[in-house]
Amino acid sequence: MSGSGSDDPLQTAVWRLRSRGCWTDAAALLAPRAASAALTLQRASLLVERCLFTGVGWADAEDALRTAEAAARDDDERGAAACERGQLAYASTVLGVRDRADEARAALGRAAALLAPDAAGRPLLDFRRGLVAEHLADSAQAARAAYHRAHTGALAQGDTLLLSFTWRHLAALALRDGELAEARQGFTESLRIREELGYLVGTAPALAALADTEPEPEASRLRTEATRLFRLLGGVPTWLADQLAPPAPAA
């Protein structure tokens, strides 16, 4: 999941574009080189992520994903493609585009059957199964278990970007349970990682989440900074707009 820290100039360029929400441009860099299954899958994952953050580009993501599925040669590659298929169906469902919850579960289940327990893609799969458990099945207990597995796997693999996601989602569950200190720690870690990586498109959500655990005036300062970044990136991620909207004036 982490696109940073590579010595490959192509991957560095892809990461810089992705981290600023320029998924289409990042995918375009890979298009002429996407002869390998790995690059074909990476291109699809970029376009799937674009759908989740922007709510647009579904046809492009479907086309890229079908190409990646056709190019997969072994169980790891087929499992990784199924994981992306599940994420696309999850995004469509959670954003209210089209209910594809059954497809999301089936695809992630297929990925779990294909990926070995120690496969590189297993922590990301565990994280995405946590998303489905939390947001589609409303099962906080199953989600927490999946996020913990993903967190442990991301630590073992050194996937710092995925760690920023697991910290964030574990913190959100803690906040839901009223564990304010635990939530603040998780959101703080998520924000720290994203700032260190330069993951701008994920920094505004991290700031806004942390603001929910802080007293005034710090909470307002964090939301103001989140709003500035959100506008700088052209209103991405789109689902953050409601969270950053100012409260309605009292009647």
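Heads up: the structure comes first, above all this text.
Reading guide: rules and limits
Residue positions are given per chain, counting from 1 as you read along its sequence in written order. Thresholds applied to this predicted model are a pLDDT of at least 70 for local features of residues and 80 or more for the giving and counting of side-chain atom pairs; totals over whole chains, interfaces and linings are not thresholded and use all residues. The side-chain figures draw on all heavy atoms in the structure; neither hydrogens nor water molecules are used. Helix and strand labels come from DSSP, where a helix needs a run of H or I of at least four residues and a strand needs a run of E of at least two; each type is numbered from the N terminus. Throughout, exposure labels follow a simple rule: accessible area from a 1.4 Å probe, protein chains only, divided by the maximum for the residue type, with under 20% read as buried, over 50% as exposed, and the rest as partly exposed. By definition, residues are in contact when any of their heavy atoms lie within 4.5 Å. One speaks of a salt bridge when a side-chain nitrogen belonging to Lys or Arg is within 4 Å of a carboxyl oxygen belonging to Asp or Glu. Within 6.5 Å between ring centres, the rings of Phe, Tyr and Trp (the latter by its six-membered ring) count as paired, and their orientation is classed by plane angle as stacked under 30 degrees, edge-to-face over 60, tilted in between.

Caption draft 1: The environment of Cys51, seen in detail. The residue Cys51 is located in helix H3 (residues 37–54) in this model. Taking the relative accessible area as the measure of exposure, Cys51 reaches 0% and is therefore buried. Separated by 107 residues in the primary sequence, Cys51 and Gly158 have C-alpha atoms spaced 26 Å apart. Those residues in contact with Cys51 that sit more than four places away from it in its chain are Val56, Gly57, Trp58, Ala61, Leu88 and Leu95.

Caption draft 2: Spotlight on the pattern of salt bridges. By the definition in use, this model includes 22 salt bridges. Between Arg85 and Glu62 there is a salt bridge, with its nearest N and O atoms 2.7 Å apart. Residue Arg85 is located in helix H5 (residues 75–94), and its partner Glu62 is located in helix H4 (residues 58–71); the two are separated by 23 residues in the primary sequence. The structure contains a network of salt bridges with shared partners spanning Glu62, Asp63, Arg66, Glu69, Arg85, Arg100 and Glu103.

Caption draft 3: Highlighting the packing of aromatic side chains. Taken as a whole, this structure holds 6 aromatic pairs when the rule is applied. Aromatic pair Trp15 and Tyr199: ring centres 5.7 Å apart, planes at 20°, arrangement stacked. With Trp15 in helix H1 (residues 9–19) and Tyr199 in the loop between helix H10 (180–197) and helix H11 (203–211), this residue pair connects regions lying 184 residues apart in the sequence. Pair check on accessibility: Trp15 and Tyr199 agree, each one buried. Aromatic side chains Phe127 and Tyr147 sit 5.6 Å apart centroid to centroid with 35° between the ring planes, which places their arrangement in the tilted category. Note that Phe127 is positioned in helix H7 (residues 122–136) and Tyr147 in helix H8 (residues 140–157), a separation of 20 residues in sequence. Ring pairing ties together the aromatic residues Trp15, Phe127, Tyr147, Phe165 and Tyr199, which thus form one cluster.

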